[in-house]
Amino acid sequence: MLLLVLLVVLALAGYVLAGVTVGPLALCALLAGCLAGLVMGLAEATFVLAGLAGVPRVRTPRDEFTGARRGRSGAYRQDYAWIHYAHRQAGYDLRHVSERCRDRLAGLWSRGWRALPRLPRYHLRFVDPHVDPESPYAARSRTWTVLIGWPLLALPVAGLAGLTVGVVAALVLLGAVVVTVVAVAWLFAVVSTGVLRLADDWGRTRRGTDLCCPHCYFLVELPEYRCPGEHGADAPAGADRHRMLRPGLRGLWRRRCGCGCVLPVRLASAGAQLAASCPKCGARLAAGSGRSSEVRVALFGAVGAGKSTLVESLVTGLVALFPPDRCSISRRGRGRDPLRPEVVTATVLTHGANQRLQLFDAPGRGLLDPVLCRSYAYLHETRHFLFVLDPPAGHGARGDAADAGAPAGVRLASDPLEAYEAVVVGLRYRGVDTGRCRLAVVVSKADGFRSLPAGGVPGPAPDEVRRWLEALGLDHLVTAAVRDFAQVGFFLAGRDVPAAVEPLRWLLRGERAVRGEVARALR
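Attention in this report is confined to the structure presented alongside it. (Residues numbered from 1 in each chain as written. Predicted model: local features only at pLDDT ≥ 70, side-chain atom pairs only at ≥ 80, totals over all residues. Heavy atoms only, no water.)

**Examining the packing of aromatic side chains**
As a reminder of what qualifies: Only Phe, Tyr and Trp rings take part, Trp by its six-membered ring, and two of them pair if their centres are within 6.5 Å. Stacked means planes under 30 degrees apart, edge-to-face means over 60, and tilted covers everything else. Counting from the N terminus, the helices are DSSP H or I runs at least four residues long and the strands are E runs at least two residues long. Accessible area is worked out with a 1.4 Å probe on protein chains only. A residue is then buried under 20% of its type maximum, exposed over 50%, and partly exposed in between. The criterion is that NZ of a Lys, or CZ of an Arg, lies within 6 Å of the ring centre and within 35 degrees of the ring normal, and then a charge sits over that ring.
Tallied over the entire structure, the rule returns ten aromatic pairs. Ring geometry for F300 and Y420: centres 6.4 Å apart, planes at 35°, overall tilted. Here the residue F300 occupies a position in strand β8 (residues 293-301), and Y420 occupies one in helix α11 (residues 416-429), the gap between them amounting to 120 residues. Each of the two residues, F300 as well as Y420, counts as buried. An aromatic cluster is present here, built from F300, F385, F387, Y420 and F485 joined pairwise through their rings. The ring of W506 has R438 sitting right over it, with the charged end atom 5.5 Å from the ring centre.

Here is the structure:
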């Protein structure tokens with residue numbers, strides 16, 4: 001018993017002596033391990049960022065395009081383009097660095113533990129001398145190895161512990177740097193995006209680049225642009241269409257499509273370089289959409305009032321103001337639907353950007369139908385209206401025209417007041433503020449009614465035309481027009497009227513969307 005106590009005392013004294021001797025060395029090993037851990041963590045980060053540490057997880061354009069955004073429906077799709085590094089990829093790279101450091105530390109600790117020799121469980125013989133040395137209960141373990149050789153194991157354990165602490169410190173430092181850089185990048189991106197978008201919106205409003213789709217009449221503020229690059233068969237369907245080509249997380253000045261093509265993100269640049277289409281119906285839009293200025297004029301009137309003839313007269317007069325190589329006319333007919341409006345677009349080439357004038361001519365039968373008239377969405381997207389009337393169609397003038405006899409070849413229109421109320425009252429009922437719009441009242445076929453008892457055709461001055469309409473018994477229509485619209489002008493139209501483009505001149509006078517060259521030509 002005394003011998004056992006003596007052995008225990010000697011062992012404790014040896015442990016204390018070994019601890020005093022090994023302690024400073026273990027501390028040095030711990031510090032060296034911390035330094036090595038810092039170096040290893042920074043080296044792993046360098047390898048990952050330089051692309052030398054295998055293939056990390058990458059947020060590809062396909063992931064952005066096919067992944068549904070939180071809070072959105074499953075049909076929502078982002079544009080097929082590379083997103084800013086700070087948005088997702090920075091977090092993926094930090095996670096990849098952490099996983100590589102964890103695997104390396106786990107491997108070092110595991111290899112060090114497996115390198116320790118296994119010793120028999122000598123203490124079991126003192127507890128139970130009948131234990132079979134070959135039984136699993138008496139198998140060898142590393143318990144006695146650690147208890148006996150801990151002074152020798154203190155140095156490598158201290159080094160591994162320091163290495164672990166150093167790696168953790170390096171990851172914390174790297175995480176702080178990444179969070180700081182990402183926060184600064186986000187702040188800069190948010191401020192820059194807001195400033196650039198405000199400048200873009202201000203330029204769009206000042207130049208009047210919003211356009212009305214001639215197919216579905218949707219007001220397109222931001223067209224859907226098509227990437228000119230090659231998209232392989234493995235690219236998802238619709239990857240070549242960019243719906244939100246604006247400054248943002250995919251680029252403040254330029255955007256890189258998933259196919260590798262670099263696209264501009266400013267509306268003026270995109271409209272000059274890329275093909276555009278309507279984001280609602282997908283119809284192809286005219287070249288320069290998003291850059292060209294556009295003014296829309298909606299024609300309405302009674303059945304047979306002469307709207308189509310007036311459109312031809314206006315287009316002819318407008319083309320005569322410009323050289324042939326600078327003014328082009330395009331038409332979108334009614335097709336198989338006779339109640340579909342006809343859209344005539346006049347494009348004037350200017351030095352800055354093109355100027356477009358769209359004339360929407362809806363059939364009179366469609367305007368008289370409230371349900372069908374509601375489908376003419378372009379009526380909501382314009383501030384310039386042109387009302388065409390045939391004076392003998394008025395209540396007071398119809399009898400006079402019947403007594404005097406309508407001229408040969410002149411078709412009498414239906415009631416103009418009915419056509420006026422069908423459109424204007426419907427617009428006001430649907431929330432359109434006509435008090436901010438201009439209305440040009442054009443008397444068609446004026447040269448065919450010189451024999452009217454009201455005194456023949458008046459002069460071209462708007463006041464004379466107005467008094468003439470009131471004398472014909474259309475004072476109720478004149479009063480309603482002046483009440484409903486901000487400004488109302490009265491004009492004549494016919495084969496013998498020389499100023500065929502005068503209603504357009506009056507409507508577009510002072511319009512901000514009209515470019516200087518066109519405004520000077522219309523004076």
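**A closer look at a nonpolar patch on the surface**
This is how the line gets drawn: Excluding any residue in a salt bridge, patches collect residues exceeding 30% relative accessible area, merging like charges within 9 Å and nonpolar Val, Leu, Ile, Met, Phe, Trp and Tyr side chains within 5 Å. Surface accessibility follows the Shrake-Rupley procedure with a 1.4 Å probe radius. Residue values consider only the protein chains on display as shielding. Salt bridge, as used here: a side-chain nitrogen of Lys or Arg that lies within 4 Å of a carboxyl oxygen of Asp or Glu.
On the surface, L27, L30 and L31 cluster together into a nonpolar patch covering about 270 Å² of accessible area. Within the secondary structure, L30 sits in helix α1 (residues 2-49). Judged by relative accessible area, which is 30%, L30 ranks as partly exposed.

**Considering the nonpolar core**
Note the following rule: Definition used in this section: a nonpolar core is a set of buried Ala, Val, Leu, Ile, Met, Phe, Trp, Tyr and Cys residues joined via side-chain atoms within 4.5 Å.
Judged by nonpolar contacts, the single largest core of 37 residues is most densely connected at F300, Y378, L379, F385, Y420, L439 and L469. Those elements that place two or more of their residues in this core are β8, β12 (384-389), α11, β13 (438-443), α12 (462-471), α13 (475-484) and β14 (487-492). The greatest single-element share of this core, amounting to five residues, is contributed by α11. Core analysis: the second largest hydrophobic core is formed by 31 residues, L314, L318, V388 and V518 among them.

**Regarding the sheet that holds strand β3 (residues 224-226)**
What counts is decided by this rule: Paired strands, in this sense, are two strands between which DSSP finds at least two bridges.
Overall, antiparallel pairing links the three strands, which are arranged β4-β3-β7 in an open sheet. Since the sheet does not close on itself, it has two edges, and those belong to β4 (241-242) and β7 (275-277), each with one partner. Pairing of β3 with β7 involves three bridges; the strand directions are antiparallel. Bridge assignment links Y225 to a residue of β7, and that residue is A276.

Just geometry here; none of it tells us what the structure is for.
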